[in-house]
Amino acid sequence: MTLSKTLLAASTALLIGFGANAGNAASHAGNPMVGGGEMLVEKNIIENAVNSKDHTTLVAAVKAAGLVETLMGEGPFTVFAPTNDAFAALPDGTVETLLKPENKDQLTKILTCHVIAANAMSDAIVKMVDEDNGMHPVTTVGGCKFTVMYEGDTVMIKDGQGNVAKVTIADVKQSNGVIHVIDNVLLPAS
C-alpha cells in the first residue's frame, strides 16, 4: 500500500471511529455497540462507522479528506477514534475550517495521526506499555510520535501537544483492524 493510500485509510479510520462513545451493549461476535449501532466484525471500518450516530463528524471528515477508500482497504489499522463530543470540544470553528477543501492536507494529517498501521487490541497495548516501564512510544500513519499508557483498565494516548485521550470503548473489531473510541482529538506537535 502506498503512503498516500495508507494516510487516506488512516484518516478515514479516524473519522469513522470518531464519536463512538454512546452505548456499550454487546453486539455481533462480542463487539460493543457504538453510537447505537452494531459493529460487525465482518465489516470494515467505514462500513461500521456509518452505522454510529456518534460518528457523524468523523465520517464527514473522512469523506472531506478523501480517505474512505483507504479505510475500506485491507489494513490492518488501529484507529483511535474521537467522538462527536471530542470534536465539539475543539475551539469554535475548528471543525468547519478543517472540512474546507483548501485545508484537506491539514485535515488528512490530523486524521492519520489517529491511525497506527497494525491491529493492536487493548491487551497487546497494555503488554507493550508494561514492557516499556509504563509508557510505549508509537508512530502513527501520519508520522506523529505519540505515547500510549494505561491506568487501571483505561488505555490512554498522549498526543504531540501533551494532551491525553482516554479510550472509552476498546477493542471494536473490524474486518480490517480495530477501533478504540477516545474522548479527545489527538493533535500533532506544533
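Computed from a prediction, not measured in an experiment: that's the story for all the values here.

Draft legend 1. The nonpolar core, seen in detail. Counting residues in hydrophobic clusters, the biggest one holds 29 residues, and the most contacted among them are Val-79, Leu-111, Ile-179 and Val-185. Residue assignment for this core shows that the elements contributing at least two residues are α2 (45–49), α3 (56–65), β1 (77–82), α5 (84–88), α6 (94–98), α7 (104–112), β6 (164–174) and β7 (177–182). Grouped together as the second largest cluster of nonpolar side chains are 16 residues, Ile-116, Phe-146, Ile-157 and Ala-165 included.

Draft legend 2. The arrangement of the sheet that holds strand β5 (residues 154–158) in detail. With mixed pairing, the 7 strands of this open sheet are ordered in space as β2-β1-β7-β6-β5-β4-β3. Strands with a single pairing partner mark the edges of an open sheet, and in this sheet they are β2 (115–116) and β3 (136–139). Pairing of β1 with β2 involves 2 bridges; the strand directions are antiparallel. The residue of β2 that forms the bridge with Val-79 is Val-115.

Draft legend 3. Representation of the pairing of strand β4 (residues 145–151) in the model. The sheet contact formed by β3 and β4 spans 4 bridges and is antiparallel. Residue Thr-139 lies in a different strand from β4, and its bridge partner there is Lys-145. Connecting β3 to the antiparallel partner β4 that follows it, the hairpin turn spans 5 residues, and Gly-143 within it adopts a positive phi of roughly 85°. Summarising the sheet, β4 and β5 pair through 5 bridges and their orientation is antiparallel. Within β5, the position partnered with Glu-151 by the bridge is Thr-154. Connecting β4 to the antiparallel partner β5 that follows it, the hairpin turn spans 2 residues, and Gly-152 within it adopts a positive phi of roughly 65°.

Draft legend 4. Representation of the state of the cysteines. Here the structure, examined in full by the defined rule, presents 1 disulfide. Here Cys-113 pairs with Cys-144 through a disulfide, and the sulfurs are 1.8 Å apart. Between Cys-113 and Cys-144 the sulfur-sulfur dihedral comes to about 60°; the bridge is accordingly right-handed. Taken together, the residues Cys-113 in the loop between α7 and β2 and Cys-144 in the loop between β3 and β4 connect sequence positions 31 residues apart. The burial state of Cys-113 is the same as that of Cys-144; both residues are buried.

Draft legend 5. Just α3, in detail. Along α3, the positions that sit buried rather than exposed are Thr-57, Leu-58, Val-59, Ala-61, Val-62 and Ala-65. In the segment just after α3, Gly-66 is the residue with positive phi, at about 70°.

Draft legend 6. Structural view of the packing of α3 against α7. Running from N to C, α3 and α7 cross one another at 125°; their axes reach a closest spacing of 9 Å. In terms of their interaxial angle, α3 and α7 are classed as oblique. Note that α3 runs across α7; the crossing there is left-handed. For the pair formed by α3 and α7, the contact residues are Leu-58, Ala-61, Val-62, Ala-64 and Ala-65 on the first element and Lys-104, Leu-107, Thr-108 and Leu-111 on the second. Looking at the contact of α3 with α7, its residues break down into 7 nonpolar, 1 polar and 1 charged.

Rules and cut-offs
Residues numbered from 1 in each chain as written. Predicted model: local features only at pLDDT ≥ 70, side-chain atom pairs only at ≥ 80, totals over all residues. Heavy atoms only, no water. Core = buried A, V, L, I, M, F, W, Y, C linked by side-chain atoms within 4.5 Å. Buried < 20%, exposed > 50% of the residue type's maximum accessible area, 1.4 Å probe, protein only. Helix = DSSP H or I, 4+ residues; strand = E, 2+ residues; numbered from the N terminus. Pairing = 2+ DSSP bridges. Disulfide = S-S within 2.5 Å. Axes fitted to C-alpha atoms, helices over the stretch in contact; angles between N-to-C directions. Parallel < 35°, antiparallel > 145°, perpendicular 65-115°, else oblique. Left-handed = near helix turned anticlockwise from the far one by under 90°. Contact = heavy atoms within 4.5 Å. Nonpolar A, V, L, I, M, F, W, Y, C, P; charged D, E, K, R; others polar.

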